[in-house]
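In case you want the letters, here they are:
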Amino acid sequence: MTRYLVLDGGLATELIGMGYNDISNDPLWSSRLTKTHPDAVKQAHTRFLEAGSDVIETNSYQASVEGFRTHLGTTPEEALGLIAQSVRLAQESRDEFWTKCDKLNCGRQRPLVAGSVGPYGAALHDGSEYSGNYVDRLTIEALMAWHRPRIKALVDAGVDLLAFETIPMTHFFIVGSYGLAQTTYQSPC
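Predicted model only: the values in this text are computed from it and were never measured.

S.K.: What is the right way to read the overall build of the protein from this model?
M.R.: Counting secondary structure elements, the protein contains nine helices and three strands. When the elements of the protein are put in sequence order from the N terminus, they spell out α-α-α-β-α-α-β-α-α-α-β-α. A buried classification covers 44% of the 189 residues belonging to the protein. A fraction of 73% describes how many contacts in the protein between residues 6 or more apart in sequence connect residues 24 or more apart. When the accessible surface of the protein is totalled, it reaches about 9,700 Å², and 52% of it is carbon and sulfur.

S.K.: How should the packing of aromatic side chains be read in this particular structure?
M.R.: By convention here, two paired aromatic rings are described through the distance between centres and the angle between planes. The final tally for this structure, using the stated rule, is two aromatic pairs. Considering the side-chain rings of tryptophan 29 and tyrosine 61, the 5.6 Å spacing of their centres and the 70° angle between planes classify their relative orientation as edge-to-face. Here tyrosine 61 lies in the loop between strand S1 (55-57) and helix H4 (65-72) and tryptophan 29 lies in the loop between helix H1 (11-17) and helix H2 (32-36), a separation of 32 residues in the sequence. The exposure class assigned to tryptophan 29 is partly exposed, which follows from its relative accessible area of 29%. Pairing tyrosine 120 with tryptophan 146 gives two aromatic rings, centres 5.0 Å apart and planes at 80°, and the pair type is edge-to-face. Linking tyrosine 120 in helix H6 (residues 120-124) with tryptophan 146 in helix H8 (residues 140-156), this pair joins segments that are 26 residues apart in sequence. The same class applies to tyrosine 120 as to tryptophan 146, namely buried.

S.K.: Even after reading the chapter, I still don't get the state of the cysteines, so can you show me in this structure?
M.R.: What we call a disulfide is simply a covalent bond connecting the sulfur atoms of a pair of cysteines. Considering all chains together, one arrives at one disulfide under this definition. Two residues share a disulfide in this structure: cysteine 101 and cysteine 106, whose sulfurs sit 1.4 Å from each other. One disulfide, between cysteine 101 and cysteine 106, carries an S-S torsion of 65° and so falls in the right-handed class. Given the relative accessible area of 4%, cysteine 101 is considered buried. Given the relative accessible area of 36%, cysteine 106 is considered partly exposed.

S.K.: When you look at the nonpolar core in this model, what are you seeing that I'm missing?
M.R.: Soluble globular proteins tend to pack their nonpolar side chains together in the buried interior. The biggest cluster of nonpolar side chains holds 35 residues, and the ones touching the most others in it are Leu15, Ile56, Phe68, Ile83, Leu154, Val159 and Leu162. Of all elements in the fold, only H1, helix H3 (38-50), H4, helix H5 (76-103), strand S2 (112-117) and H8 reach the threshold of two or more residues within this core. Looking at this core element by element, the count peaks at 10 residues for H5. Apart from the residues within four sequence positions on either side, isoleucine 83 is in contact with Ala63, Ser64, Phe68, Arg150, Ala153 and Leu154. Ranked by size, the runner-up nonpolar core spans five residues in total, among them Tyr120, Tyr134, Leu143 and Trp146.

Conventions used here
Residues numbered from 1 in each chain as written. Predicted model: local features only at pLDDT ≥ 70, side-chain atom pairs only at ≥ 80, totals over all residues. Heavy atoms only, no water. Helix = DSSP H or I, 4+ residues; strand = E, 2+ residues; numbered from the N terminus. Buried < 20%, exposed > 50% of the residue type's maximum accessible area, 1.4 Å probe, protein only. Contact = heavy atoms within 4.5 Å. Areas by Shrake-Rupley, 256 points an atom, 1.4 Å probe, with all protein chains shown as cover. Phe/Tyr/Trp six-rings, centres within 6.5 Å; stacked < 30°, edge-to-face > 60°. Disulfide = S-S within 2.5 Å. Core = buried A, V, L, I, M, F, W, Y, C linked by side-chain atoms within 4.5 Å.

Without other data, these values stay purely geometric and don't point to any function.
Laid out in structure tokens, this is it:
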């Protein structure tokens, strides 16, 4: 039997639809709301779950240590804490939904939380996440060093899986693979 999973839609699009229009031109995009409006992030996750999503993604696509330091004035530790917070918000939404669903005997599998890992270009806020124009300016080692803390924060916070998004070129896939291998991730299998 073939089994399909439904992934949530665009989290930022949902948040804009909920009235958070100011994130459209924000260099942190929707990740700013993890700090400023965490209840809105949870509400968006819940909407996706209620619409039938089997997998919801954390609000971390545009999240980075440098981005949070520059645009929110956080320390590196606080920035990593916000990335972990994006996992907790998704988990809380999922767990609250699942408690209701279980009581109603809704007959579906417990939803999963995917850690959203956007490319380096997303943090540049110049559209280069689609073109990969930044790759020639950075070594693979530098990209790995930039991604590794983000991936580790997501894994350590307990995501069920990682979603490497908007892969403009093979460099990002390589970085994601090696970055994951160098975290403290332990396979449940």
